[in-house]
Amino acid sequence: MSGKLEYFYDFVSPFTYLANGQLPGIVSRTGCELIARPFFLGGVMKATGNAPPVHVPAKGAYMFGDLGRWARRYGVTIQMPSVFPFSSLKAMRGAIVAEREDRERVYRNACFHAIWAEGIDVSGNDGLGLVAERAGLDPAAFLAAIEQQDVKDALAANTSEAVERGAFGAPTFFVNGAEMFWGNDRLDFVEEALRSAS
């Protein structure tokens, strides 16, 4: 089996954290090529008129219990970060920088773990510098690089592309550049599509 799985993600989304941990298994079982695409969920929300669950009180209250159920099913730790919701903009620019240093996967995993397993605030330089160091990146160079215009432009381009292709939240997946799936609870469908397309 083979195929291409594009994965648009943002660290601010706890459901994307849950999905992220399941992707290696999908890749192993299907032989697909995983293409991780960092984007800025805040920009997606604004462009599509969507709103985070925590902005709807009843939905926000439900979400916290649901996260616990999913974490137990996946056998992972989840806790709310020290600041939530938080600005993920710098962290997502950091994913662009890490990608250019061939450290995207290790940075992505380190950042998700820091936020959702350890409760670390990555909206500022202290937490983000720690994640960069864990990912094998020089923190000072990393923090300087996320302020470069070409890095900002690359993240904006990913975000615009995702919206143009129909994305409205995270995680968003595209199988073989076509069929779109949203949410960690759609991973069975993602894997099914990868198998049927091979």
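Right above here is the structure, for reference.
The paragraphs below set out a description of the structure included in this document. (Residues numbered from 1 in each chain as written. Predicted model: local features only at pLDDT ≥ 70, side-chain atom pairs only at ≥ 80, totals over all residues. Heavy atoms only, no water.)

Focus on the packing of aromatic side chains
- The final tally for this structure, using the stated rule, is 14 aromatic pairs.
- With a centroid separation of 5.4 Å and 40° between ring planes, the pair formed by W70 and Y74 is classed as tilted. Separated by four residues within a single helix, W70 and Y74 lie in helix α4 (residues 57-74), roughly one turn from each other. With respect to class, W70 is no different from Y74; both count as buried.
- Between F84 and W116 the ring centres are 5.6 Å apart and the planes differ by 70°, which places this aromatic pair in the edge-to-face class. Here F84 is found in the loop between α4 and α5 (89-100), whereas its partner W116 is found in helix α6 (residues 104-116), with 32 residues between them in sequence.
- Ring-pair connections join several aromatic residues into one group, and the members of that group are Y7, Y9, F11, Y17, Y107, F112, F142 and F173.
- Its guanidinium or amino end placed over the ring of W70, R73 lies 5.6 Å from that ring's centre, counting from NZ or CZ. (Phe/Tyr/Trp six-rings, centres within 6.5 Å; stacked < 30°, edge-to-face > 60°. Helix = DSSP H or I, 4+ residues; strand = E, 2+ residues; numbered from the N terminus. Buried < 20%, exposed > 50% of the residue type's maximum accessible area, 1.4 Å probe, protein only. Lys NZ or Arg CZ within 6 Å of the ring centre and 35° of its normal.)

Some words on helix α7 (residues 125-134)
- Of the residues making up α7, those classed as buried are G127, L128, G129, V131 and A132.
- Where α7 is buried, its residues touch α5, α6 and α8 (139-145).
- G136, located one to two residues past α7, shows a positive phi value of around 80°. (Contact = heavy atoms within 4.5 Å.)

Quick look at the pairing of strand β3 (residues 172-175)
- Going residue by residue along β3, you find T172 and F174 tucked away on one face and F173 and V175 tucked away on the opposite face as well.
- For strand β1 (residues 4-9) and β3, the ladder comprises four bridges, and the chain directions are antiparallel. Bridge assignment links E6 to a residue of β3, and that residue is F174.
- Both β3 and strand β4 (residues 179-182) contribute to a ladder of four bridges, which runs antiparallel. Each residue of the ladder has a partner; that of V175, found in β4, is E179.
- Hairpin geometry of β3 and β4 is characterised by an intervening segment of three residues between the two adjacent antiparallel strands and by a positive phi of about 50° at N176. (Pairing = 2+ DSSP bridges.)

Overview of the pattern of salt bridges
- A complete count under the given rule lists 12 salt bridges for this structure.
- Between E118 and R134 there is a salt bridge, with its nearest N and O atoms 2.6 Å apart. One end of the pair, E118, is in the loop between α6 and α7; the other, R134, is in helix α7, and 16 residues separate them in sequence.
- By relative accessible area, which is 40% here, R134 ends up partly exposed.
- The partner of R186 in a salt bridge is D185, with the nearest N and O atoms 2.6 Å apart.
- One salt-bridge network, in which partners are shared between bridges, spans E6, R37, E161 and R165. (Salt bridge = Lys/Arg side-chain N within 4 Å of Asp/Glu carboxyl O.)

Details of the nonpolar core
- Within the largest apolar cluster, 62 residues are counted, with the highest numbers of intra-cluster contacts made by F11, Y107, V122, F142 and F173.
- With seven residues, α6 is the largest single contributor of residues to this core.
- The residues contacting Y107, other than those within four sequence positions of it, are F11, A91, G94, A95, A98, L128, V131, A135, L137 and F142. (Core = buried A, V, L, I, M, F, W, Y, C linked by side-chain atoms within 4.5 Å.)

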